[in-house]
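For reference, the chains in residue letters:
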Amino acid sequence: MSNPAPSQPETMSNSAPSKAETMSNPAPSKAERKVCYDARDAYFHCLDTNDEDASKCTQLKAALDDVCKKKLWVENFIRRRAYLQFKERSEKFGYIPTERDREFMLPGPNRKTKDST
C-alpha cells in the first residue's frame with residue numbers, strides 16, 4: 001500500500017523561516033530564556049554527575065526540550081558542550097588524532113581520500 005501524497009510540499013530544514021512563521025513565533029522573552037538556560041544547566045549538571053550517562057537524565061532532557069521552544073537551541077547547547085569538552089581535553093592532554101584522522105594524515109601515495117576505499 002502506498003502512502004498518499006502530502007497535501008503541502010515539505011520545506012527544506014535549512015531554509016529561513018517565513019515572515020508569517022517569524023511573526024507567530026516571536027523571540028523568547030528574558031524570563032523564558034532564563035527558564036531555558038536553567039533547564040539546560042540542570043541537564044548538564046546531571047550529565048556531569050552521572051559520568052555522561054544520558055539514560056539517568058531523561059526527565060531533565062524532556063524538561064529541556066519542553067521549556068526551550070526552539071529545538072535549535074537545544075541542539076546548539078549540546079553541540080557547544082561537546083565542543084567545550086573536546087577543547088578542554090585537547091588543552092589538557094594535547095590533540096590525540098583518532099584512527100580516522102590518521103588515515104587522512106598519511107603522506108604521499110598511501111594517503112587515503114574520501115573517494116578511495
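Model, not experiment: these values are computed from the prediction.

(A) A look at the pattern of salt bridges. Enumeration over the complete set of coordinates arrives at five salt bridges. The salt bridge partner of Asp-48 is Arg-81, with a shortest N-O separation of 2.2 Å. Separated by 33 residues along the polypeptide, Asp-48 in helix α2 (residues 30-49) and Arg-81 in helix α4 (residues 71-93) bring together distant segments of the chain. In this structure, Arg-81 engages Glu-52 in a salt bridge whose closest nitrogen and oxygen atoms are separated by 2.9 Å. Taken together, the residues span a long stretch of sequence, with Arg-81 in helix α4 and Glu-52 in the loop between α2 and α3 (58-67) at a distance of 29 residues. You can call Arg-81 buried: its relative accessible area is 11%.

(B) Quick peek at the packing of α2 against α3. Contact geometry of α2 with α3 gives a least axis separation of 9 Å together with a crossing angle of 160°. Taken as axis vectors, α2 and α3 run roughly antiparallel relative to one another. Classified by chirality, the crossing of α3 by α2 is left-handed. On the side of α2, the interface is formed by Val-35, Cys-36, Ala-39, Arg-40, Ala-42, Tyr-43 and Cys-46, while α3 contributes Leu-60, Lys-61, Leu-64 and Val-67. A per-class count over the contact of α2 with α3 returns nine nonpolar, no polar and two charged.

Cut-offs and rules
- Residues numbered from 1 in each chain as written.
- Predicted model: local features only at pLDDT ≥ 70, side-chain atom pairs only at ≥ 80, totals over all residues.
- Heavy atoms only, no water.
- Salt bridge = Lys/Arg side-chain N within 4 Å of Asp/Glu carboxyl O.
- Helix = DSSP H or I, 4+ residues; strand = E, 2+ residues; numbered from the N terminus.
- Buried < 20%, exposed > 50% of the residue type's maximum accessible area, 1.4 Å probe, protein only.
- Axes fitted to C-alpha atoms, helices over the stretch in contact; angles between N-to-C directions.
- Parallel < 35°, antiparallel > 145°, perpendicular 65-115°, else oblique.
- Left-handed = near helix turned anticlockwise from the far one by under 90°.
- Contact = heavy atoms within 4.5 Å.
- Nonpolar A, V, L, I, M, F, W, Y, C, P; charged D, E, K, R; others polar.

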